[in-house]
Amino acid sequence: MTTHKAVATVAIRGKLALIDAPTVAPTGRQVCVHVEWTASTPLDLHQNDGGLLVTHPQILGDGIAGTVVETGPDVKNLAVGDKVFGFAFKENMQKAYQEYATVSETSLGKLPSEFSLQEAITLPNNTVTVFHAVTKDLGLPLEWPRLPSHTNPHADTPILIWGGASSCGQYALQILHAWGYTNLLATASPRHHEYLRSLGARHTFDYRDVDVASKIQRAVDNNTRTGPAVPFVLDCIASQQGSLTQIAGVAQKGTRVAALLPVIVRDATDDVAPEYAMNVQAAVDWAEGVEARGVRTHFYEDDVFFREHLQSSVVPELLATGIVKPNKQRIVEGATLLERAQAAMDLLRRKDVSGERLVWRVSDLEL
Ligand SMILES: NC(=O)c1ccc[n+]([C@@H]2O[C@H](COP(=O)([O-])OP(=O)(O)OC[C@H]3O[C@@H](n4cnc5c(N)ncnc54)[C@H](OP(=O)(O)O)[C@@H]3O)[C@@H](O)[C@H]2O)c1
């Protein structure tokens with residue numbers, strides 16, 4: 001059996017470990033990718049420090065960017081040598097923190113020629129998250145193809161993106177704006193406000209402001225509209241104290257809140273283990289008639305169109321046409337794959353990430 005190097009979580013709150021993983025020959029519509037870049041995400045911390053959805057030893061990482069080195073017999077859209085990027089998460093063989101990953105071609109898109117793998121790796125998991133959360137959990141349409149003639153019935157409906165500077169928040173602003181949702185409100189640290197307005201936010205708020213809920217309500221005050229002041233909220237942070245409590249001060253009867261699970265009851269630190277919950281409706285006291293849901297992007301393939309086309313066609317086209325700009329990147333350095341993965345994990349635990357994605361090289365070779 002051929003093997004390659006992979007980085008795995010091996011114990012709750014332990015150091016990451018380098019393991020030998022089998023290199024799996026692709027079958028059916030699978031391809032084998034030589035993984036060159038990945039991006040660390042908060043899920044790594046939830047898994048390493050909180051054991052969320054983990055069976056040890058588990059290879060980490062769900063964002064892959066690299067080169068196709070082998071194709072299964074039924075592959076239609078990819079060929080050996082193609083540069084690709086994508087989001088895959090189900091089994092160890094699909095995970096990103098390893099030199100070779102074997103994934104379905106539907107989990108990958110071709111890299112547009114004007115972009116690098118390092119830029120593209122910031123897109124896959126959170127663009128997919130936005131399409132899934134907006135359509136399934138908020139119930140707002142994102143039709144494909146986008147037609148200029150299409151009139152958006154919610155063009156002027158206030159939509160709050162809590163955590164606009166997060167990777168997910170930045171993609172939510174860009175995608176909603178491109179689809180004609182113009183009344184977007186975002187919370188973030190003030191240093192990001194101007195950038196978020198350039199991505200499509202009409203109003204920006206400092207999430208640390210004790211009056212943030214009333215400031216949001218005043219900004220959307222409109223006597224001609226019936227129903228809740230802010231009918232839709234995408235909470236990209238889902239912190240019990242840091243976002244949901246404040247959103248509960250904005251939400252009224254009829255507001256729909258979609259929060260990216262897990263609910264963070266307590267953040268991980270160097271000294272303290274994290275605590276998570278999965279029930280958004282029970283996490284805080286909502287006004288009667290607020291519908292609060294937890295987003296689970298791992299079910300995005302339930303939508304048959306998304307399963308086949310979202311990663312293979314839609315996301316690459318959004319990048320190629322400039323509708324979506326990559327997140328800013330911070331390159332995490334280290335002498336080895338393991339050192340880079342551990343350094344990124346330590347930055348996540350220290351919350352040393354603001355308006356940027358932590359990206360790093362997986363294999364030392366670029367094909
Ligand atoms: N369930 C799912 O399907 C799913 C899918 C994707 C992501 N997620 C989860 O969603 C969360 C966000 O993921 P991500 O990759 O987008 O995160 P990220 O980019 O790493 O988020 C970092 C940003 O969070 C912002 N932030 C931190 N605390 C905040 C608060 N209380 N209010 C507003 N903003 C705050 C910071 O903003 P400033 O710089 O402005 O301070 C920082 O820029 C993670 O917990 C992740 O696991 C869940």
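Residues numbered from 1 in each chain as written. Predicted model: local features only at pLDDT ≥ 70, side-chain atom pairs only at ≥ 80, totals over all residues. Heavy atoms only, no water.

An unreviewed UniProt entry lists the protein under the name Enoyl reductase (ER) domain-containing protein, from Sporothrix bragantina. Among the UniProt annotations of the protein, the heading Sequence similarities (unreviewed entry) holds the following wording: "Belongs to the zinc-containing alcohol dehydrogenase family." (UniProt positions renumbered as here; feature names shortened; annotations may be inferred.)

### What about the sheet that holds strand 4 (residues 58–59)?
Judged by pairing direction, the sheet is antiparallel, and its 3 strands sit side by side in the order 2-1-4 without closing on themselves. Edge positions in the sheet fall to strand 2 (17–22) and strand 4, since each has one partner strand and no second. Two elements, strand 1 (residues 3–9) and strand 4, share 2 bridges in a ladder whose sense is antiparallel. Counted as the bridge partner of Thr-9 is Gln-58 from strand 4. (Pairing = 2+ DSSP bridges. Helix = DSSP H or I, 4+ residues; strand = E, 2+ residues; numbered from the N terminus.)

### Re the pairing of strand 3 (residues 30–40)
By the criterion of burial, strand 3 is predominantly enclosed, with 11 of the 11 residues buried. Where strand 3 and strand 7 (residues 100–104) come together, 5 bridges link them in antiparallel fashion. Considered in strand 7, the bridge of Val-31 is made with Val-103. In the sheet, strand 3 pairs with strand 18 (residues 356–361) via 4 bridges, with the strands oriented antiparallel. Opposite Thr-38, over in strand 18, you have Trp-360 as the bridge partner. (Buried < 20%, exposed > 50% of the residue type's maximum accessible area, 1.4 Å probe, protein only.)

### Observations concerning the packing of aromatic side chains
Tallied over the full model, the rule gives 7 aromatic pairs. For the ring pair Phe-131 and Phe-306, a centre distance of 5.9 Å and an interplane angle of 80° mean the geometry is edge-to-face. Here the residue Phe-131 occupies a position in helix 3 (residues 124–137), and Phe-306 occupies one in helix 9 (residues 304–320), the gap between them amounting to 175 residues. Per residue, the accessibility class of Phe-131 equals that of Phe-306, and both read buried. A network of ring pairs unites the aromatic residues Phe-131, Trp-144, Trp-179, Phe-305 and Phe-306 as a single cluster. The ring of Trp-179 is capped by Arg-146, whose NZ or CZ atom sits 5.5 Å from the centre of that ring. The residue whose ring lies beneath Lys-328 is Tyr-195, and the NZ or CZ to ring-centre distance is 4.3 Å. (Phe/Tyr/Trp six-rings, centres within 6.5 Å; stacked < 30°, edge-to-face > 60°. Lys NZ or Arg CZ within 6 Å of the ring centre and 35° of its normal.)

### A closer look at the side chain of Asp-62
Along the polypeptide, Asp-62 turns up in the loop between strand 4 and strand 5 (63–71). Within polar-contact distance, the side chain of Asp-62 engages the side chain of Asn-125 at 2.9 Å. In contact with Asp-62, not counting residues within four places along its chain, are Thr-41, Leu-43, Gly-86, Phe-87, Ala-88, Phe-89, Ala-96 and Asn-125. (Polar contact = N/O pair within 3.5 Å; in protein donor to acceptor, adjacent residues only side chain to side chain. Contact = heavy atoms within 4.5 Å.)

### Notes on the domain arrangement of the protein
You can read the domains of the protein as domain 1 (3–122 + 326–361) and domain 2 (126–298). Computed over C-alpha atoms only, the centres of domain 1 and domain 2 are separated by 27 Å. With 18 residues of domain 1 at the contact, the number on the domain 2 side is 24 residues. Of the roughly 1800 Å² buried where domain 1 meets domain 2, counting both sides, 54% is carbon and sulfur surface. Summed over the shared surface of domain 1 and domain 2, the result is 1 salt bridge. For Asp-267, the salt bridge identified is with Lys-351, shortest N-O distance 3.5 Å. There are 12 residue pairs in polar contact (both at pLDDT 80 or more) connecting domain 1 and domain 2. Partitioned by chemical class, the residues of the side of domain 1 that touches domain 2 number 6 nonpolar, 6 polar and 6 charged. (Domains from an automatic or database assignment. Buried area = accessible area lost by both parts, 1.4 Å probe. Salt bridge = Lys/Arg side-chain N within 4 Å of Asp/Glu carboxyl O. Nonpolar A, V, L, I, M, F, W, Y, C, P; charged D, E, K, R; others polar.)

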